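Understanding the architecture of this molecule
For reference, the chains in residue letters:
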Amino acid sequence: MCTAATYKTKDFYFGRTLDYEISYGDQVVITPRNYVFDLREGGQLKNHYAMIGMACVMENYPLYYDAVNEKGLGIAGLNFVGNASYKKPVEGKDNITQFELIPWILGKCATVKEARLKNMNLIDTPFLPDLPVAQLHWIIADKEECITLESLEEGMKIYDNPVGVLTNNPPFPQQMFQLNNYMHISSKQPVNTFADDLTLTAYSRGMGALGLPGDLSSASRFARVAFTKMNSISGDSEAESISQFFHILGSVDQQRGCCEVTEGKYEITLYTSCCNATKGIYYYT
């Protein structure tokens, strides 16, 4: 389970939490321009942009969880178990495995507009025979716009993402629809609309956000980080922007012991990243 978000002050910021019960040796990885990627369905990706992000490196290959390229385009893959569906190779299509998607898009595309790749077909080839294919969907963003990419049973879907946030299930349109349940939430103190002839008083600060979900489910994290991100205000200096971004994703941190996935194993926030995509600086905790 994970949460990703975008943020913009003077510069554009992109990052995510990685929430899981084990680590696969995550490390910050830089792929320089023109490092050769051998594609599983033939051909090579070799004339491409440089990129930086968090990855698990296997057999000298960066399996990126999230990354940003030198043009300021960012992408992160988040668990989408039970809904992700990858296909068999199709002649005439760009047949890309799910683990090739991040370098493929960041290598070829400078903007979200360019990343709306209509000819791409995500295929179900594993990286290694004994390594299960990760079931993911992706948030892709630059300083101008943000989209969500989902490969479903009925085909690949690309959705405009006006909140610049992504978690896990359910599919993105349902996540967005559920925000209707929280349209009364406000950063301001509430006024009494319960009854005209009943005197009611706000007895604490922050009561305008009563009803904002606080549990660890993906739908609740989506609503909470969307509210936090879209009401966030900070100065535009690097220190203020980075601090605010980590506070935004801190609203959905997972602490050991609160989410038991199997007996004795707990999902926790393994890392939180924030990349200044404008300058190519990668921060993480």
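Here's what I pulled together on the structure shown here. Values in this document were obtained by computation on a predicted structure and should not be read as measured data.

1. What about the overall build of the chain?
A tally of helices and strands in the chain yields five helices and 18 strands. Projecting the C-alpha coordinates of the chain onto the three principal axes gives extents of approximately 75 × 40 × 40 Å. A sequence separation of at least 24 residues applies to 65% of the contacts in the chain between residues at least 6 apart. A total of about 14,100 Å² of accessible surface is found on the chain, and carbon and sulfur atoms cover 52% of it. Counting 24 positive and 32 negative side-chain charges, the chain places the averaged centre of each group 6 Å from the other.

2. Structural notes on the side chain of Ser-241
Looking at where Ser-241 falls in the secondary structure, it is placed in helix α5 (residues 238–250). Look at Ser-241 and you get buried, because its relative accessible area is 0%. Once residues within four sequence positions are removed from consideration, Ser-241 is found in contact with Tyr-7, Thr-9, Tyr-13, Ser-234, Gly-235 and Asp-236.

3. Describing the nonpolar core
Within soluble globular proteins, side chains that are nonpolar tend to cluster in buried spots. Counting residues in hydrophobic clusters, the biggest one holds 72 residues, and the most contacted among them are Leu-73, Ile-75, Ile-105, Trp-138, Ile-139 and Ile-140. The element contributing the most residues to this core is strand β7 (residues 61–69), with six residues. Ignoring any residue separated from it by four or fewer positions in sequence, one finds Ile-105 in contact with Leu-73, Ile-75, Ala-115, Leu-117 and Ile-140.

4. Looking at the pairing of strand β12 (residues 146–152)
Across the seven residues of β12, seven count as buried, placing the element largely inside the fold. Neither face of β12 is exposed, since Cys-146, Thr-148, Glu-150 and Leu-152 on one face and Ile-147, Leu-149 and Ser-151 on the opposite face are all buried. Where strand β11 (residues 136–141) meets β12, four bridges bridge the pair, whose relative direction is antiparallel. When the bridges of β12 are listed, Ile-139 appears paired with Thr-148. Turn length for the β11-β12 hairpin, with the two strands adjacent in sequence and antiparallel, is four residues.

5. Quick notes on the packing of aromatic side chains
One pair of aromatic rings is described through two measures. These are the centre distance and the angle between the planes. Under the criterion given, the structure shown has ten aromatic pairs. A centroid spacing of 5.5 Å and a plane angle of 75° characterise the contact between Tyr-35 and Phe-37, whose relative ring orientation is edge-to-face. Site record: aromatic cluster; members linked through ring pairs are Tyr-35, Phe-37, Tyr-61, Phe-99 and Phe-127. Directly above the aromatic system of Trp-104 lies the positively charged group of Lys-108, at a separation of 4.5 Å from the ring centroid.

Reading guide: rules and limits
- Residues numbered from 1 in each chain as written.
- Predicted model: local features only at pLDDT ≥ 70, side-chain atom pairs only at ≥ 80, totals over all residues.
- Heavy atoms only, no water.
- Helix = DSSP H or I, 4+ residues; strand = E, 2+ residues; numbered from the N terminus.
- Contact = heavy atoms within 4.5 Å.
- Areas by Shrake-Rupley, 256 points an atom, 1.4 Å probe, with all protein chains shown as cover.
- Lys, Arg positive; Asp, Glu negative; His and termini not counted.
- Charge placed at Lys NZ, Arg CZ, Asp CG, Glu CD.
- Buried < 20%, exposed > 50% of the residue type's maximum accessible area, 1.4 Å probe, protein only.
- Core = buried A, V, L, I, M, F, W, Y, C linked by side-chain atoms within 4.5 Å.
- Pairing = 2+ DSSP bridges.
- Phe/Tyr/Trp six-rings, centres within 6.5 Å; stacked < 30°, edge-to-face > 60°.
- Lys NZ or Arg CZ within 6 Å of the ring centre and 35° of its normal.

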